[in-house]
Amino acid sequence: MALPRGLAGTIGTAARAARVRANLTQEDVAERVGLATEVYGRLERGGMLPSVPTLKKLCEVLRIPSDVLLGLTPAQENFWTKETPARPVEEPGEIRRLVRTVKRLEPAEFRLLSLMATGLIRLRMMRQSRSKPPPSQ
């Protein structure tokens, strides 16, 4: 069965524009929507249509109205310039990538990483306390 390239392309183009505007990677969106990164990439390229539940999640994650994602709203209407509710501050991309990596660790590897991070923080605190001048009298 051939895909309706027009609709798949429209959804993909709108999703990519919204993702870039939100400063997210394909991996970020795929994780939040519950797709494999490769599948999300294919969706952005217009190579597939999302299921209805996936379409709904895409709209939520990308903060884009479904009528815009589906190409039903005229192109001249810029929905993203409208007042939007405040949203929590996003973590930088490096932290999101680190969290994804940590989630793939085995429990023993996670414990080791946790010990290393704690040690680094203690080392930094020791260095800072040594560099402080003695209290003046």
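Cut-off values and rules
- Residues numbered from 1 in each chain as written.
- Predicted model: local features only at pLDDT ≥ 70, side-chain atom pairs only at ≥ 80, totals over all residues.
- Heavy atoms only, no water.
- Axes fitted to C-alpha atoms, helices over the stretch in contact; angles between N-to-C directions.
- Helix = DSSP H or I, 4+ residues; strand = E, 2+ residues; numbered from the N terminus.
- Parallel < 35°, antiparallel > 145°, perpendicular 65-115°, else oblique.
- Left-handed = near helix turned anticlockwise from the far one by under 90°.
- Contact = heavy atoms within 4.5 Å.
- Nonpolar A, V, L, I, M, F, W, Y, C, P; charged D, E, K, R; others polar.
- pLDDT = per-residue confidence, 0-100.
- Core = buried A, V, L, I, M, F, W, Y, C linked by side-chain atoms within 4.5 Å.
- Buried < 20%, exposed > 50% of the residue type's maximum accessible area, 1.4 Å probe, protein only.
- Patch = residues over 30% accessible without salt bridge, like charges linked within 9 Å, V, L, I, M, F, W, Y side chains within 5 Å.
- Areas by Shrake-Rupley, 256 points an atom, 1.4 Å probe, with all protein chains shown as cover.
- Salt bridge = Lys/Arg side-chain N within 4 Å of Asp/Glu carboxyl O.

Caption draft 1: The packing of helix H2 (residues 26-33) against helix H4 (residues 52-62), seen in detail. At a closest axis distance of 9 Å, the pairing of H2 and H4 adopts a crossing angle of 125°. Accordingly, the angle class assigned to the pair H2 and H4 is oblique. In terms of crossing hand, the pair formed by H2 and H4 is right-handed. Together, Val-29, Arg-32 and Val-33 of H2 and Thr-54, Lys-57, Leu-58, Val-61 and Leu-62 of H4 make up the contact between the two elements. Of the residues assigned to the contact of H2 with H4, the class counts are five nonpolar, one polar and two charged.

Caption draft 2: A look at the confidence of the model for the protein chain. Per-residue confidence for the protein chain averages 81 on the pLDDT scale, and 80% of its residues sit at or above 70. For the protein chain, the element scoring lowest by mean pLDDT is helix H6 (residues 93-103), at 82; helix H3 (residues 37-44) scores highest, at 94. Throughout residues 80-88 the model reports pLDDT below 50, and contacts reaching past four residues in sequence, or to other chains, amount to five contacts.

Caption draft 3: Structural detail: the nonpolar core. Counting 19 residues, the largest nonpolar core has Val-29, Tyr-40, Leu-58, Leu-62, Ile-64 and Leu-69 as the members making the most contacts within it. Mapped by element, the contributors of at least two residues to this core are helix H1 (5-21), H2, H3, H4 and helix H5 (66-69). Per-element accounting of this core gives the leading share, five residues, to H4. Sequence-distant contacts of Leu-58, that is, excluding residues within four places in its chain, are made with Val-29, Val-33, Tyr-40, Leu-43, Pro-50, Arg-63, Ile-64 and Leu-69.

Caption draft 4: Representation of a nonpolar patch on the surface within the structure. A grouping of Leu-112, Leu-113 and Met-116 is seen on the molecular surface, where their side chains present a nonpolar patch of about 280 Å² in accessible area. Mapped onto the elements of the fold, Leu-112 is located in helix H7 (residues 107-131). Residue classification places Leu-112 among the exposed residues on the basis of a relative accessible area of 51%.

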